[in-house]
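What follows is the residue order along each chain.
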Amino acid sequence: MDFHSVDNNSTRRIAALKQRVDEIKKHDFYFYNQAVEEMLPDSKVRVNGRVMGMYASYSYLGLVGHPRINEAAKRAVDKFGTGTNGVRTLAGTLTIHNELEETISNFKHTESAITYTSGYVTNLTTISSLMGRGDYVFSDKINHASIVDGCLMSGAEFRRFRHNDMEHLEGLLKNAPADVSKLVIADSVFSMDGDIIDLPKIVELSKKYNAWLMIDEAHSVGVLGKRGTGIEEHFGMGDVIDIKMGTLSKTIPSVGGYVAGKKELIDYLRHGSRAYIFSAALPPAQAAAANEAFKVILDEPERLDRLNANTQQFIGGLKSMGFDTLLTETAIVPVLCGTDEKAFELTKRCQEQDVFVLPVVSPAVQEGLSRLRATVTAAHNPADIEHAMDVIYQAGKAMGMVK
Ligand SMILES: *Cc1c(COP(=O)(O)O)cnc(C)c1O
């Protein structure tokens, strides 16, 4: 198709987005899709030939490049090669997949677990396999896009409650018919704000109104809880989440997603979820890397201690400088800017000083709440964090954001 000679909704959408991107590039505000040339120690990277402190990474425990994990991946390549013979249901299942799923169910204290090739797809397929027309899903307003897409794909009635507002959730649950299937779903740690869902209350409400509870632990595995096993451990609660979803692409330095839960639920997903049946299995190296990473989390608890100390230093420091970091309690630290322009400007000033942070603008967040979204990991050292905060402070001061 010649995009230039046709005028319809699709070509207009393409043109409108191109215009926005071109405008951002024109102002030298385009920071997306920059290639990392080399991963260096202490959470540093080389980008455009310059060594920068990485403050946009999800590798919360600094496990990318861990020798034990790399070794496990290499062994898997030697044993199985680089791909599989197809989808899990047919010839694609390897022993390493079963080992990984057993490791996950042990880590999450559930009867069983299933893996998929991305976290995004895990949410799509899980929600749309469990829910359908006439059912009701209740989703936090700032849940991850993959949750929203899964809810829409399911065809169920889609109800959104105000962010972490349990009274609003209860009102919506009360108004739903008593005899339909209900699913309450939320991020454990919200991916743009860094705050934590009120698990005790959401568990109570789900029970009271006979709804399943699904929690997305993309940012809590390896981060929350005394041993890093996630949000239930953080709140000192046992096995209270029906559908425990997580990714293998953040703290776990691989790719993929999982659901852990009761055997009946997992068996259903294994035979009824389309992403499992119609999409190829995880490659052996990635399955083996993920399997080893869960073990490293438990074997090296000092990483979590370092993450917690670095998080306290970073949030405390930025707050005392006068920045608004919203309600974050975790390694995801928003620095509120307001307009898109301000978020771009602050990012630019930081990157010029070799602090790699990224802006998050609308529609990823609500208009007016554009921000720098900075993260720290266990791999940063405190002196580097201090320096990065100073860079952010000087930039913010020059822009009149702080005094
Ligand atoms: C990153 C993320 C996902 C998607 O995971 P991928 O493995 O990157 O596909 C899902 N949910 C949340 C909350 C996330 O932050």
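The preceding data block contains the structure.
Cut-off values and rules
- Residues numbered from 1 in each chain as written.
- Predicted model: local features only at pLDDT ≥ 70, side-chain atom pairs only at ≥ 80, totals over all residues.
- Heavy atoms only, no water.
- Helix = DSSP H or I, 4+ residues; strand = E, 2+ residues; numbered from the N terminus.
- Contact = heavy atoms within 4.5 Å.
- Polar contact = N/O pair within 3.5 Å; in protein donor to acceptor, adjacent residues only side chain to side chain.
- Phe/Tyr/Trp six-rings, centres within 6.5 Å; stacked < 30°, edge-to-face > 60°.
- Buried < 20%, exposed > 50% of the residue type's maximum accessible area, 1.4 Å probe, protein only.
- Salt bridge = Lys/Arg side-chain N within 4 Å of Asp/Glu carboxyl O.
- Pairing = 2+ DSSP bridges.
- Axes fitted to C-alpha atoms, helices over the stretch in contact; angles between N-to-C directions.
- Parallel < 35°, antiparallel > 145°, perpendicular 65-115°, else oblique.
- Left-handed = near helix turned anticlockwise from the far one by under 90°.
- Nonpolar A, V, L, I, M, F, W, Y, C, P; charged D, E, K, R; others polar.

So, the environment of His 97
Along the chain, the position of His 97 falls in helix 4 (residues 95–107). Each C-alpha atom of the pair His 97 and Lys 174 lies 41 Å from the other, and the pair is 77 residues apart in sequence. Other than its neighbours up to four places away in sequence, His 97 contacts Thr 84, Arg 88, Gly 92, Ala 281, Leu 282 and Ala 287. Polar side-chain contacts of His 97 include one of 2.9 Å to the backbone nitrogen of Leu 94.

A few points about the packing of aromatic side chains
By the definition in use, this model includes eight aromatic pairs. Consider the rings of Phe 29 and Phe 344, whose centres lie 5.7 Å apart with planes at 25°: the pair is stacked. Here Phe 29 is found in the loop between helix 1 (9–26) and strand 1 (36–40), whereas its partner Phe 344 is found in helix 14 (residues 340–352), with 315 residues between them in sequence. Grouping residues by exposure puts Phe 29 and Phe 344 together as buried. With a centroid separation of 6.2 Å and an interplanar angle of 85°, the aromatic rings of Tyr 116 and Tyr 276 are classed as edge-to-face.

A word on the pattern of salt bridges
Per the stated rule, a full pass over the model turns up 24 salt bridges. Across the pair Arg 371 and Asp 193 runs a salt bridge, and its minimum N-O distance is 2.7 Å. Taken as a pair, Arg 371 in strand 14 (residues 370–375) and Asp 193 in the loop between strand 7 (182–187) and helix 8 (199–208) lie far apart in primary sequence, 178 residues in all. For the residue pair Arg 371 and Asp 193, the accessibility class agrees, reading buried in each case. Arg 303 is the salt-bridge partner of Glu 300, the closest N and O atoms lying 2.6 Å from each other. Of the two residues examined, Glu 300 and Arg 303, each falls in the buried class. Several salt bridges share partner residues, and in doing so they unite Glu 37, Glu 38 and Arg 46 into one network.

Structural notes on the sheet that holds strand 12 (residues 355–356)
Taken together, four strands build an open sheet; the order of strands is 1-2-3-12 and the sheet is mixed. Pairing within the sheet leaves two strands with one partner each, and these edge strands are strand 1 and strand 12.

Regarding unusual backbone geometry
Omega for the peptide link from Ser 362 to Pro 363 comes to 10°, which places this bond in the cis form. Structurally, the position occupied by Pro 363 is in the loop between strand 13 (358–360) and strand 14. For Asp 42, which is not a glycine, the phi torsion comes out positive at approximately 60°. For Asp 42, a relative accessible area of 37% translates into the label partly exposed. Notably, Asp 354 is not glycine yet its phi reads approximately 65°, a positive angle. One can find Asp 354 in the loop between helix 14 and strand 12.

Thoughts on the packing of helix 5 (residues 119–130) against helix 6 (residues 145–154)
A pair of packed helices is characterised by two quantities: the angle between their axes and the separation of those axes. As a packed pair, helix 5 and helix 6 sit with axes 8 Å apart at the nearest point and diverge in direction by 30°. The orientation of helix 5 with respect to helix 6, classified from their angle, is roughly parallel. Read as a crossing pair, helix 5 and helix 6 show a hand that is right-handed. Here Tyr 120, Asn 123, Leu 124, Ile 127 and Ser 128 of helix 5 come into contact with helix 6, specifically with Ser 146, Ile 147, Asp 149, Gly 150, Cys 151, Met 153 and Ser 154. Residues of the contact of helix 5 with helix 6, tallied by class, amount to six nonpolar, five polar and one charged.

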